[in-house]
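Chain residues, written in single-letter form:
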Amino acid sequence: SPMSLDAWLQDVWYGTRTPPWWLRIWAPVYGAVVRFRHWLYARGWLRAYRVGAPVIVVGNLTVGGTGKTPFVIWLVGRLRGMGLAVAVVTRGYGRSRSRRVTNDILRVDASCRAEDVGDEALLISRRTGCPVYVCRDRVAAARAALADGAAVVIADDGLQHLRLARDAEIVLIDAMRGFGNGSLLPAGPLREDVARVARAGATVLTGAGAAPPELTRVAARMSLDGGLLLPVNGVDGARVLGDFAGQRVHAVAGIGNPERFFAGLRAAGLELIAHPFPDHHRYTAAELQFGDALPVIMTEKDAVKCQSCAPEHCWYLPVTASFALADERALLGRILMDARLLDILACPLCKGPLRRAEDASGPVLICRADRLAFPVRDDIPVMLEEAARQLPPTDPLLER
Ligand code: ZN
């Protein structure tokens, strides 16, 4: 069968195929446009808008998946654990073409459809319950989030959306694929020069593999954990991934890097018939009928689009981002500092203000109303009632 354009490009970018001359000539042009845009913003000829609350940008330098959605879900959880009201703004990739051209702001909830709001936005909303705003204009989306009460905004995939001024930037890099052939679009997968990484606050290397040689420092290494399969259409029960070890299954993935998903299933001992699809692919029922009774296993991002067209015996594998403790502390510490989040932390009980102080154990955050001292361990506040120390009414820490 003829190779699809998408598969051919993937092979040029990440495989051994040399980019043809008619792709290579456009890379310097693309690079000049990117540098010119940065220059216009740096000079103030194009305006970047501050929205009045800390903005944390999560993005990648390459086209395609780097585990960004699981990372955003993780970050939402961590920031909420500190008592912060978090909202996510996103472009809404994977929406149908007609929905992408408007500047309407869509508020995502669990009842939304992927073709209206995008598969990643729907997944983040369903997994976190956090307010998610979809709009081509991320400044407008962030302002809507603040009007609804958000104290911190996470801009998903906003690294190149310079119009939205940011306080912290996190760049995710897929360790398995690195920067591909190292060329800019369209000859390679890079959306910006690799040197851009040095200007970002933090880098996160996702998945197994060595860091690309261009990368001089890595803030944290993220892995994706998942072992429980959940039914897509609710007919079958949940299954443990290991139950399928040694069995033949159909594996379906319409994500930036399907091979990452397939490699994980193979590592669990499954025998795969792999069905890679382009990122954000919208499935028809026919594409998921393989003419046999073998189980079908797909990613969670695919599953949010397949609830009505999934075949029988179809499961998805939710994955969760995880970090080694030291990496997590380094990363969160950097984000807290860059986005000055310590200044806007609120008491998780009364939502009232907190005051920084020192006690015998080190730095603490004091809520005077509740007479609680929340510990700050390795620069990361632990905003849990059970971790806090109750202060007697006469405690000197309660004095102004
Ligand atoms: Zn309080």
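Calculation rules
Residues numbered from 1 in each chain as written. Predicted model: local features only at pLDDT ≥ 70, side-chain atom pairs only at ≥ 80, totals over all residues. Heavy atoms only, no water. Helix = DSSP H or I, 4+ residues; strand = E, 2+ residues; numbered from the N terminus. Buried < 20%, exposed > 50% of the residue type's maximum accessible area, 1.4 Å probe, protein only. Areas by Shrake-Rupley, 256 points an atom, 1.4 Å probe, with all protein chains shown as cover. Lys, Arg positive; Asp, Glu negative; His and termini not counted. Charge placed at Lys NZ, Arg CZ, Asp CG, Glu CD. Patch = residues over 30% accessible without salt bridge, like charges linked within 9 Å, V, L, I, M, F, W, Y side chains within 5 Å. Salt bridge = Lys/Arg side-chain N within 4 Å of Asp/Glu carboxyl O. Phe/Tyr/Trp six-rings, centres within 6.5 Å; stacked < 30°, edge-to-face > 60°. Core = buried A, V, L, I, M, F, W, Y, C linked by side-chain atoms within 4.5 Å. Contact = heavy atoms within 4.5 Å. Donors = N, O, S within 2.8 Å, 3.2 Å for Na, K, Ca; no water. Pairing = 2+ DSSP bridges. Axes fitted to C-alpha atoms, helices over the stretch in contact; angles between N-to-C directions.

Is there a simple way to think about the overall build of the chain in this case?
Scanning the chain from N- to C-terminus turns up 11 helices and 20 strands. Projected onto the principal axes, the alpha-carbon positions of the chain cover approximately 80 × 55 × 40 Å. Residue burial in the chain is summarised as follows: out of 400 residues, 52% are buried. Surface summary for the chain: the accessible area is close to 18,300 Å², and the carbon and sulfur share equals 55%. Taken as two groups, the 48 positive and 42 negative side-chain charges of the chain have centres that lie 7 Å from each other.

Just to check I follow, could you spell out helix α7 (residues 119-128) for this structure?
Along an α-helix, residues three or four apart share an orientation, since each turn contains 3.6 residues. Among the 10 residues in α7, 8 count as buried, and that is most of the element. The set of residues buried in α7 consists of Asp119, Glu120, Ala121, Leu122, Leu123, Ile124, Ser125 and Thr128. Phi turns positive one or two residues past the end of α7, at Gly129, with a value near 70°.

Looking at this model, I keep getting lost on a nonpolar patch on the surface. Mind explaining?
A cluster of nonpolar side chains, namely Trp21, Trp22, Ile25, Trp26, Val29 and Val33, defines an oily patch on the protein surface of about 670 Å² accessible area. Elements represented by at least two residues in the nonpolar patch include exactly α2 (21-24) and α3 (26-43). For the nonpolar patch, the element with the highest residue contribution is α3, accounting for 3 residues. When its relative accessible area of 41% is taken as the criterion, Val29 is described as partly exposed.

Whenever I open this one, the packing of aromatic side chains confuses me. Can you help?
We describe a pair of aromatic rings using the distance from one ring centre to the other and the angle between the two ring planes. This structure, assessed with the given rule, holds 9 aromatic pairs. Relative to Phe262, the ring of Phe261 lies with its centre 6.2 Å away and its plane at 55°, an arrangement referred to as tilted. By relative accessible area, Phe261 is classed as buried at 10%. What makes Phe262 buried here is its relative accessible area of 2%. Aromatic side chains Phe277 and Tyr283 sit 4.9 Å apart centroid to centroid with 75° between the ring planes, which places their arrangement in the edge-to-face category.

Would you mind going over the nonpolar core with me for this structure?
One recurring pattern in soluble globular proteins: nonpolar side chains tend to sit buried together. Of all hydrophobic cores here, the largest spans 53 residues; its most connected members are Ile56, Phe71, Leu75 and Leu79. Per-element accounting of this core gives the leading share, 7 residues, to helix α4 (residues 68-81). Excluding anything up to four places from it in sequence, Leu79 contacts Ile56, Leu84, Val86, Val152, Ile154 and Leu341. The next biggest cluster of nonpolar side chains, apart from the first, holds 38 residues, and it includes Leu23, Ala27, Val153 and Leu215.

Mind showing me how you'd approach the coordination of the zinc ion here?
A four-donor tetrahedral metal ideally has 109.5 degree angles, and a six-donor octahedral metal ideally has angles of 90 or 180 degrees. Around the zinc ion, the protein supplies Cys347 (SG), Cys350 (SG), Cys367 (SG) and Asp370 (OD) as donor atoms, at distances of 2.0 to 2.3 Å. Counting the intervening residues between successive donors of the zinc ion yields the motif C-x2-C-x16-C-x2-D. Of this pair, Cys347 sits in the loop between α11 (325-338) and β16 (355-359) while Asp370 sits in the loop between β17 (362-367) and β18 (372-377), and the two are 23 residues apart along the sequence. Of the residues examined, Cys347 reaches a relative accessible area of 0% and is grouped as buried.

Where do I start with the pattern of salt bridges in this structure?
Two side chains that carry opposite charge are able to pair once their charged atoms sit near each other. Evaluation of the coordinates by the stated rule reveals 25 salt bridges. With a closest N to O distance of 2.7 Å, Asp279 and Lys301 form a salt bridge. Of this pair, Asp279 sits in the loop between β12 (271-276) and β13 (296-299) while Lys301 sits in helix α10 (residues 300-303), and the two are 22 residues apart along the sequence. Note on Asp279: relative accessible area 27%, which makes it partly exposed.

What is the right way to look at the sheet that holds β13 in this model?
Working definition: the strands of a sheet are paired by backbone hydrogen bonds and lie parallel or antiparallel to each other. Taken in spatial order, the 6 strands line up as β10-β9-β14-β13-β11-β12 in an open sheet, and their pairing is mixed. Each of the sheet's edge strands pairs with one partner strand only, and the pair in question is β10 (239-240) and β12. Where β13 lies against strand β14 (residues 314-317), 4 bridges are found, and the strand directions are parallel. Bridge pairing in β14 links Met298 to Tyr316. Strands β11 (248-253), β12, β13 and β14 of the sheet are contacted by helix α9 (residues 258-267), whose axis makes an angle of about 170° with β12.

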